[in-house]
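Overview (structure and organization)
Listed below are the residues making up each chain.
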Amino acid sequence: MEMEKARYLEIIKRRIRGELKGYGLKHVEITKKGVIIRIPITEIPIFTYGVEVGGEGEGKDFSSQPGDEPGEHEFVELSFEEYINLLLSVWPIKLREKEKLPREDWQSRSVVRRIKHPIVHLRKTLLQAIKRKMLENPESDWENFTFIKDDFWFRSPKKREKLRSQAVVFFLRDVSGSITEELLKAQALVFKTIELLAKRDFKEVEVIRIVHDIQAQILDEESFYKITSSGGTEMKNAIELMSNLINEEYKNYDIFVFQMSDGEDFSNDAKLCEEILRPLFEEEVFNLFSYIQFESNAPQPYGEMFQRLASDYYPQALFNEVSDFNELLENFPKIFGTEGKDEK
C-alpha cells in the first residue's frame with residue numbers, strides 16, 4: 001500500500017512539473033495556507049488477471065469529435081515549500097546575491113587571568129581552586145570552601161566580522177484603472193511566488209510592497225494582495241519613494257525590484273523617472289530591476305524608458321512585454337532573465 005501511495009505521489013509530481021513547463025503559473029492558485037494546482041485527472045492503471053477486456057480497435061461507439069463539456073481536473077494542494085521545490089525542479093530560478101556584508105559579533109575563545117570586563121570561566125576557576133586547596137592542606141575543611149582572587153580565570157571575548165546576506169525586494173504594482181481584474185490576479189500570483197523564492201534564497205529578506213496609480217503608498221501584505229484598480233497611471237511617486245528608501249536604509253543590501261505596469265504615462269513624468277533611476281544603475285545598486293509591461297493600445301512612454309534602461313544596463317535591468325494574463329503566467333521565468341530551460 002505504501003509503495004502504491006509513493007508511486008501515485010511521484011506520478012502527481014511529474015504531472016505538476018509538466019503542467020508548470022507547459023502552462024507556467026496559469027493553473028496555480030495561492031491561498032493563505034498553501035498552493036493549489038489544477039491538473040488533469042491522473043489514474044494509475046489497474047490490470048486484472050484472467051479478465052477479457054476486448055481486442056484492439058476503436059469500437060463502434062468511438063467518436064473522435066471534441067466534446068462541449070469542460071474537462072475534468074483534480075486539485076492538488078501543496079505547502080509553500082513543496083510548491084517552490086517543484087517550481088525550482090522545472091526552472092533554475094535563483095535570486096543571486098551580490099556581496100556578503102560584515103557584521104560585528106562576539107565570540108569567547110581565549111582564557112586569561114586578568115580582564116577588564118570579567119566573564120568567569122567556571123570550570124577552569126573551580127579546578128584552579130581545588131588544586132590550590134589540595135596543595136595547601138588536603139585534609140582541610142571542604143564544607144567551608146572559598147575562592148580567592150588567584151583562583152579566577154576569565155573568558156576573553158573577541159570581536160570578529162561575521163559575513164551575512166541581506167536582501168530587500170521591492171514590488172512596484174500599477175493598480176490604475178486600465179489594469180483588468182485578470183491582470184490584477186496575475187500580478188498577485190507572480191509577486192507572491194517571487195516573495196516565496198526570495199525567502200528561500202535569503203535568510204534575511206525584507207519585502208516592501210508599493211502600489212501606485214496617481215499616488216504611491218506602501219501597503220502591508222494583506223492589503224497589497226487584495227487591492228483593486230482605479231485612477232490614472234503615474235509612476236514617478238513610486239520610483240521616488242523606492243529611491244529614497246534605498247538611499248536612506250538599503251544601499252548596502254542585495255536589492256531586487258519587480259515592477260508591473262501597462263506603461264501608460266498619465267502625468268508625462270517618464271523622463272523624471274529615468275533621471276531618478278539612471279544614477280542608481282550607474283552605481284550598480286540593483287542586483288536586478290525587472291520591469292514587466294502589459295501591452296496597450298495607448299502610448300507607453302514608461303515602456304520606452306525601461307527599454308532604454310534595459311539596453312544600457314543589462315543584466316541589471318530587464319524589460320519584458322506580455323499581451324495578457326496567460327502570456328504573463330506562461331513566461332514567468334523571463335522575469336528573472338531565463339527562458340525557463342532546465343540547466344544540465
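Here goes a summary of the coordinates provided.

Cut-offs and rules
Residues numbered from 1 in each chain as written. Predicted model: local features only at pLDDT ≥ 70, side-chain atom pairs only at ≥ 80, totals over all residues. Heavy atoms only, no water. Helix = DSSP H or I, 4+ residues; strand = E, 2+ residues; numbered from the N terminus. Buried < 20%, exposed > 50% of the residue type's maximum accessible area, 1.4 Å probe, protein only. Contact = heavy atoms within 4.5 Å. Areas by Shrake-Rupley, 256 points an atom, 1.4 Å probe, with all protein chains shown as cover. Phe/Tyr/Trp six-rings, centres within 6.5 Å; stacked < 30°, edge-to-face > 60°. Lys NZ or Arg CZ within 6 Å of the ring centre and 35° of its normal. Axes fitted to C-alpha atoms, helices over the stretch in contact; angles between N-to-C directions. Parallel < 35°, antiparallel > 145°, perpendicular 65-115°, else oblique. Left-handed = near helix turned anticlockwise from the far one by under 90°. Nonpolar A, V, L, I, M, F, W, Y, C, P; charged D, E, K, R; others polar. Pairing = 2+ DSSP bridges. Patch = residues over 30% accessible without salt bridge, like charges linked within 9 Å, V, L, I, M, F, W, Y side chains within 5 Å. Salt bridge = Lys/Arg side-chain N within 4 Å of Asp/Glu carboxyl O. Expected span 1.5 Å × (residues − 1). Arc of directions from axis to C-beta. Core = buried A, V, L, I, M, F, W, Y, C linked by side-chain atoms within 4.5 Å. Lys, Arg positive; Asp, Glu negative; His and termini not counted. Charge placed at Lys NZ, Arg CZ, Asp CG, Glu CD. Polar contact = N/O pair within 3.5 Å; in protein donor to acceptor, adjacent residues only side chain to side chain.

**A few points about the overall build of the chain**
Scanning the chain from terminus to terminus reveals nine helices and eleven strands. By the burial criterion, 40% of the 344 residues in the chain qualify as buried. A separation of at least 24 residues holds for 80% of the contacts in the chain among residues at least 6 apart in sequence. When the accessible area of the chain is evaluated, it comes to approximately 21200 Å², of which 49% is carbon and sulfur surface.

**Things to note about the packing of aromatic side chains**
Inspection of the entire model under this criterion finds 18 aromatic pairs. A ring pair is formed by Phe-281 and Phe-286, whose centres lie 4.9 Å apart and whose planes are at 55 degrees; its orientation type is tilted. Residue class for Phe-286 comes out buried when judged on its relative accessible area of 2%. Members of the aromatic cluster, each reached through a chain of ring pairs, are Phe-171, Phe-191, Phe-224, Tyr-225, Phe-258, Phe-332 and Phe-336. Its guanidinium or amino end placed over the ring of Trp-153, Lys-124 lies 4.7 Å from that ring's centre, counting from NZ or CZ. In this structure, Lys-192 packs its charged tip against the face of Phe-80, placed 5.8 Å from the ring centre.

**Considerations on the packing of helix H6 (residues 236-250) against helix H7 (residues 270-282)**
Closest axis-to-axis distance for the H6/H7 pair is 9 Å, and the angle between their directions is 25 degrees. With respect to H7, the axis of H6 lies roughly parallel. Along this stretch, H6 crosses H7, giving a crossing that reads as left-handed. Contacts between H6 and H7 pair Lys-236, Ile-239, Glu-240, Met-242, Ser-243 and Asn-247 from the former with Leu-272, Cys-273, Ile-276, Leu-277 and Leu-280 from the latter. Partitioning the contact of H6 with H7 into residue classes produces seven nonpolar, two polar and two charged.

**Brief notes about the packing of helix H2 (residues 80-90) against helix H4 (residues 181-201)**
One can describe the packing of H2 onto H4 by two numbers: an axis separation of 10 Å at closest approach and a directional angle of 90 degrees. As the angle between them shows, H2 and H4 are arranged roughly perpendicular. Every residue of H4 that contacts H2 at Phe-80, Tyr-83, Ile-84, Asn-85, Leu-87 and Leu-88 is listed here: Thr-193, Leu-196, Leu-197 and Arg-200. Residue classes in the contact of H2 with H4 are distributed as seven nonpolar, two polar and one charged.

**A few points about the sheet that holds strand S11 (residues 317-322)**
Overall, mixed pairing links the six strands, which are arranged S8-S7-S6-S9-S10-S11 in an open sheet. Only two strands of the sheet have a single partner each, and these edge strands are strand S8 (216-219) and S11. Adjacent strand axes in the sheet meet at a mean angle of 20 degrees, parallel and antiparallel pairs treated alike. Where strand S7 (residues 204-212) lies against S8, four bridges are found, and the strand directions are antiparallel.

**Considering a nonpolar patch on the surface**
Taken together, Leu-126, Ile-130, Met-134, Trp-142 and Phe-147 make up a surface patch of nonpolar side chains, about 440 Å² in accessible area. By the secondary structure assignment, Phe-147 is in the loop between helix H3 (122-136) and strand S5 (154-164). Overall, the relative accessible area of 40% leaves Phe-147 in the partly exposed class.

**Quick look at H3**
The end-to-end C-alpha separation of H3 is 21 Å, in line with the 21 Å expected for 15 residues at 1.5 Å each. Within H3, the full set of buried residues consists of Thr-125, Ala-129, Arg-132 and Lys-133. Relative to the axis of H3, the buried residues are bounded by an arc of 100 degrees and lie together on one face. Exposed side of H3, more than 90 degrees from the buried face: Arg-123, Lys-131 and Leu-135 are the residues found there.

**Considering helix H8 (residues 301-313)**
An ideal rise of 1.5 Å per residue puts 18 Å on 13 residues; H8 measures up with 18 Å between its terminal C-alpha atoms. Among the structural elements, H6, strand S9 (254-261), H7, strand S10 (286-294) and S11 are those in contact with the buried residues of H8.

**Concerning the nonpolar core**
With 48 residues, the main nonpolar core has Leu-25, Phe-258 and Phe-332 as its most contacted residues. Not counting residues up to four positions away in its chain, the partners in contact with Phe-258 are Leu-95, Val-169, Phe-170, Phe-171, Leu-172, Phe-191, Ile-194, Leu-288, Ser-290, Ile-335 and Phe-336. Within the second largest apolar cluster, 32 residues are counted, among which are Ile-210, Ile-255, Val-257 and Tyr-291.

**Some details on a negative patch on the surface**
A contiguous patch of negative charge on the surface is contributed by Glu-182, Glu-295, Glu-321, Asp-324 and Glu-330. Topologically, Glu-330 is positioned in helix H9 (residues 325-330). Given the relative accessible area of 33%, Glu-330 is considered partly exposed.

**Brief notes about the side chain of Gln-293**
Relative to the helices and strands, Gln-293 resides in strand S10. In terms of polar contacts, Gln-293 uses its side chain to reach the side chain of Gln-300, at 3.3 Å. Residues within four places of Gln-293 in sequence aside, it is in contact with Ser-261, Asp-262, Gly-263, Gln-300, Tyr-302, Gly-303, Phe-319, Asn-320, Glu-321 and Val-322.

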